[in-house]
Amino acid sequence: MNMHHLKVFLAVAEAGGISAGAARLHISQPAVTREIRELEASTGLALFDRQPRGVALTEGGRRLLHYAQRIFALEQAAERELRDFASLVSGELRLGASATLGAYVLPALIERFHAHHPEVQVDLQVSNTRKVSALLDDASIGLGFVEGPFERSLYAHRLIARDALLPVVGPAHPLASRASLRAEDLAGHALYLREEGSGARASVEQAYREHGLALEPQMSIGSTEALKRLIAEGRGIAWLSERVVVDELASGKLCRLAPGDLRIERDLHVLWRGADSLSPAPAAFLAMVLEQVEPSSGNIKTF
């Protein structure tokens, strides 16, 4: 069915006459008459009875009017929804983040975004770098924030910050009181690491290989908070983000080791599927994040 014919039909039916319908559509009466005749020819039905004053719908016209009103109501609803979606009056922001970024960096950024776009629904999944990459691959999220290595050819990406991993122990650990250490001094002490697939673990594994240290973790823990508690109460060593142990180091619940020849730093990135167009909400969030990055330091100002 020709949608322009249908729009002319609806205008005439609602206005009650050819001339009134033409005025509503800002076209000539002959053009309206021609459109109605073509629609009647295509349906094989008379849709209007011509009367001295205007027109009246036939039974076929009344049946078609019901559908025409629904069709153009849906058209208007689609236009409104897309307009709201584009202007961030509605929509969804789906994010994925590895542990440090998800717990210590993104909450403040999400709150800032929500203050400007309160109608956008935000969903944040906190996991590890490997799982965040998998969520991007199947389009479950629009943006991924990761702390570990990723396949750069698969994603568009931007550096947003740099982070240091610190070796920390509980106060009772035999190395806690040592003012000076070397990497080799860490050998022989129990090592607790994040789970396989985490960015922190990948960074530690690479650093230990480069220094010829055996990597034999006694425990693999999938939670940074659980890892901090185990270290505080046990006798193992853990490498944790400088951002997540500030309070524990200040209170003395954890102690920082300082091997002079071993320092682990990592880059924190935001990723997205480069082959896909970002929807308005993730595009706006990405722009907001990148506005916060200090070009000189590579760190987000709010860190």
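Since the structure is predicted, the reported quantities are computational estimates derived from the model, not experimental observations.

(A) Layout of helix H1 (residues 3–15). With 13 residues, H1 extends 18 Å between its outermost C-alpha atoms, agreeing within 8% with the 18 Å of an ideal straight helix rising 1.5 Å per residue. Buried residues of H1: His5, Leu6, Val8, Phe9, Leu10, Ala11, Val12 and Ala13, and no others. Where the residues of H1 are buried, they touch helix H2 (18–25), helix H3 (29–43), strand E1 (48–50), strand E2 (55–57) and helix H4 (59–86). N-capping of H1 is provided by asparagine 2, with a side-chain oxygen placed 2.8 Å from the backbone N of histidine 4. Phi for glycine 16, located one or two positions after H1, is positive at around 90 degrees.

(B) Quick peek at the side chain of threonine 100. Following the sequence through the fold, threonine 100 ends up in helix H5 (residues 99–116). A relative accessible area of 5% means that threonine 100 is categorised as buried. Threonine 100 has contacts with Val105, Glu147, Ser241, Arg243, Val244 and Arg266, leaving out every residue within four places of it along the chain.

(C) Seen up close, the pattern of salt bridges. Throughout the structure, instances matching the rule amount to 17 salt bridges. Put simply, arginine 178 and aspartate 185 hold a salt bridge, and the shortest N to O gap is 3.5 Å. On the basis of relative accessibility, which here comes to 40%, the residue arginine 178 falls in the partly exposed class. One network of salt bridges, in which partners are shared, links Glu147, Asp163, Arg243 and Arg266.

(D) Spotlight on the confidence of the model for the protein chain. Summing up the model confidence of the protein chain, the mean pLDDT is 90 and the portion of residues at 70 or higher is 97%. Least confident of the elements in the protein chain is strand E8 (residues 219–221), whose mean pLDDT is 89; most confident is strand E5 (residues 143–146), at 96.

(E) Structural view of the nonpolar core. Counting residues in each nonpolar core, the largest one holds 25 residues, and the members touching the most others are Leu143, Phe145, Ile160 and Phe285. Looking at this core, the elements with two or more residues in it are strand E3 (92–98), H5, E5, strand E6 (156–169), strand E11 (264–272) and helix H10 (280–291). Take this core: its biggest share by element is six residues, from H5.

(F) Highlighting the environment of histidine 211. Tracing the chain through its elements places histidine 211 in the loop between helix H7 (199–210) and E8. Distance from histidine 211 to alanine 183, taken between C-alpha atoms, is 7.5 Å for residues 28 residues apart in sequence. In contact with histidine 211, other than residues within four places in its own chain, are Ala183, Asp261 and Leu262.

(G) Structural context of the side chain of glutamate 147. Along the chain, glutamate 147 turns up in the loop between E5 and E6. Note on glutamate 147: relative accessible area 3%, which makes it buried. Engagement of the side chain of glutamate 147 in a polar contact is seen with the backbone nitrogen of leucine 101, the distance being 2.8 Å. Reaching out from glutamate 147, the side chain makes a polar contact with the side chain of arginine 266 at a distance of 3.2 Å. Beyond its immediate sequence surroundings of up to four residues, glutamate 147 is in contact with Ser98, Ala99, Thr100, Leu101, Thr129, Gly199, Arg266, Asp267 and Leu268.

Reading guide: rules and limits
- Residues numbered from 1 in each chain as written.
- Predicted model: local features only at pLDDT ≥ 70, side-chain atom pairs only at ≥ 80, totals over all residues.
- Heavy atoms only, no water.
- Helix = DSSP H or I, 4+ residues; strand = E, 2+ residues; numbered from the N terminus.
- Expected span 1.5 Å × (residues − 1).
- Buried < 20%, exposed > 50% of the residue type's maximum accessible area, 1.4 Å probe, protein only.
- Contact = heavy atoms within 4.5 Å.
- Polar contact = N/O pair within 3.5 Å; in protein donor to acceptor, adjacent residues only side chain to side chain.
- Salt bridge = Lys/Arg side-chain N within 4 Å of Asp/Glu carboxyl O.
- pLDDT = per-residue confidence, 0-100.
- Core = buried A, V, L, I, M, F, W, Y, C linked by side-chain atoms within 4.5 Å.

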